[in-house]
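Coordinate inspection notes
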Amino acid sequence: MSDLLTAEAIRLEESAADRDAAIDRCGEVLVEIGAVEPGYVDAMRQRERSISTYVGEGVAIPHGTANSKALVRSDALAVLRFPSGVDWGGEEVSVCVAIAAAGDGHVALLAQLAEILLDPDAARALREATDTDTMLQLLAPIRKDTVS
């Protein structure tokens with residue numbers, strides 16, 4: 001499988017008025033890179049209404065519902081950085097790692113992302129990354145063959 005995260009799916013200077021707008025923007029990027037059908041964006045909002053995708057350290061992992069897997073064209077990640085932060089149900093989010101996965105491999109991805117976030121220096125670097133190459137390097141452990 002090719003890389004799940006490519007440079008075209010990284011946006012480092014995003015802004016959003018609120019959590020819904022941030023989720024919409026994440027979904028739009030997944031649509032733009034051809035990973036999902038447009039209806040997947042609605043499923044991402046539905047997921048958020050059922051359970052928060054905030055995972056700590058200023059990071060959220062918006063993704064669709066189990067019923068939205070048919071809307072996934074190819075497994076992919078998109079990373080959006082919101083330098084001014086977004087209120088995420090009382091938590092401030094500055095990085096979203098949006099997930100498009102047709103299978104259950106996203107569970108392994110979440111475990112690997114959690115390992116990165118457990119390292120305060122790595123988590124800070126993720127929040128503060130200002131160039132695509134740095135972001136790709138920081139997320140290298142979860143870029144390949146994680147989602148299947």
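This is a predicted model, so every value here is computed, not measured.

What counts, and where the lines are drawn
- Residues numbered from 1 in each chain as written.
- Predicted model: local features only at pLDDT ≥ 70, side-chain atom pairs only at ≥ 80, totals over all residues.
- Heavy atoms only, no water.
- Salt bridge = Lys/Arg side-chain N within 4 Å of Asp/Glu carboxyl O.
- Helix = DSSP H or I, 4+ residues; strand = E, 2+ residues; numbered from the N terminus.
- Buried < 20%, exposed > 50% of the residue type's maximum accessible area, 1.4 Å probe, protein only.
- Core = buried A, V, L, I, M, F, W, Y, C linked by side-chain atoms within 4.5 Å.
- Pairing = 2+ DSSP bridges.
- Contact = heavy atoms within 4.5 Å.
- Axes fitted to C-alpha atoms, helices over the stretch in contact; angles between N-to-C directions.
- Arc of directions from axis to C-beta.
- Polar contact = N/O pair within 3.5 Å; in protein donor to acceptor, adjacent residues only side chain to side chain.

Digging into the pattern of salt bridges
Pairs can form between side chains of opposite charge whenever their charged atoms are close. By the definition in use, this model includes 12 salt bridges. Here Asp-24 ties to Arg-45 by a salt bridge, and the two come within 2.4 Å at their closest N and O atoms. Placement of the pair is Asp-24 in helix α1 (residues 19-32) and Arg-45 in helix α2 (residues 39-50), with a sequence separation of 21 residues. Close ionic contact of Arg-25 with Glu-32 constitutes a salt bridge, the shortest N to O distance being 3.2 Å. The exposure class of Arg-25 is buried, given its relative accessible area of 18%. In this structure Glu-32 comes out as partly exposed when scored by relative accessible area, which is 47%.

Regarding the nonpolar core
In this structure, Leu-5, Leu-30, Val-79, Trp-88, Val-97, Met-135 and Leu-139 are the most contacted members of the largest nonpolar core, which totals 45 residues. Elements that contribute at least two residues to this core include exactly α1, α2, β3 (59-60), β4 (76-88), β5 (91-100), α3 (106-118), α4 (120-128) and α5 (132-138). A per-element tally of this core places β4 first, with eight residues.

Structural notes on the sheet that holds β4
Taken in spatial order, the five strands make up an open sheet running β1-β4-β5-β3-β2, and their pairing is mixed. Two strands lie at the open edges of the sheet, namely β1 (10-11) and β2 (54-56), each paired on one side alone. Here two bridges tie β3 to β5, and the two strands are oriented parallel to one another. Within β5, the position partnered with Ala-60 by the bridge is Cys-96. Strand contacts of α1: β1, β4 and β5, with the helix running at about 160° to β4, the strand carrying the most contacts.

What about the pairing of β5?
Looking along a regular strand, one sees the side chains alternate between the two faces of the sheet. For β5, a buried count of eight out of 10 residues is recorded, marking the element as mostly surrounded by other parts of the structure. Bridging between β4 and β5 involves nine bridges; their strand directions are antiparallel. Within the sheet, the bridge partner assigned to Leu-80 lies in β5 and is Cys-96. The turn linking β4 back onto β5 is made up of two residues, and Gly-89 within it adopts a positive phi angle of 65°.

Some details on α4
If you check which residues of α4 are buried, you get Ala-122, Ala-123 and Leu-126. Projection of α4 onto a plane perpendicular to its axis shows the buried side chains occupying an angular sector of 100°, all on one side. For α4, the N-terminal cap is Asp-119; the gap from its side-chain oxygen to the backbone nitrogen of Asp-121 is 2.9 Å.

What about unusual backbone geometry?
Even without glycine at this site, Glu-57 takes up a positive phi of about 55°. Among the structural elements, Glu-57 can be located in the loop between β2 and β3. For Glu-57, a relative accessible area of 37% corresponds to the partly exposed category.

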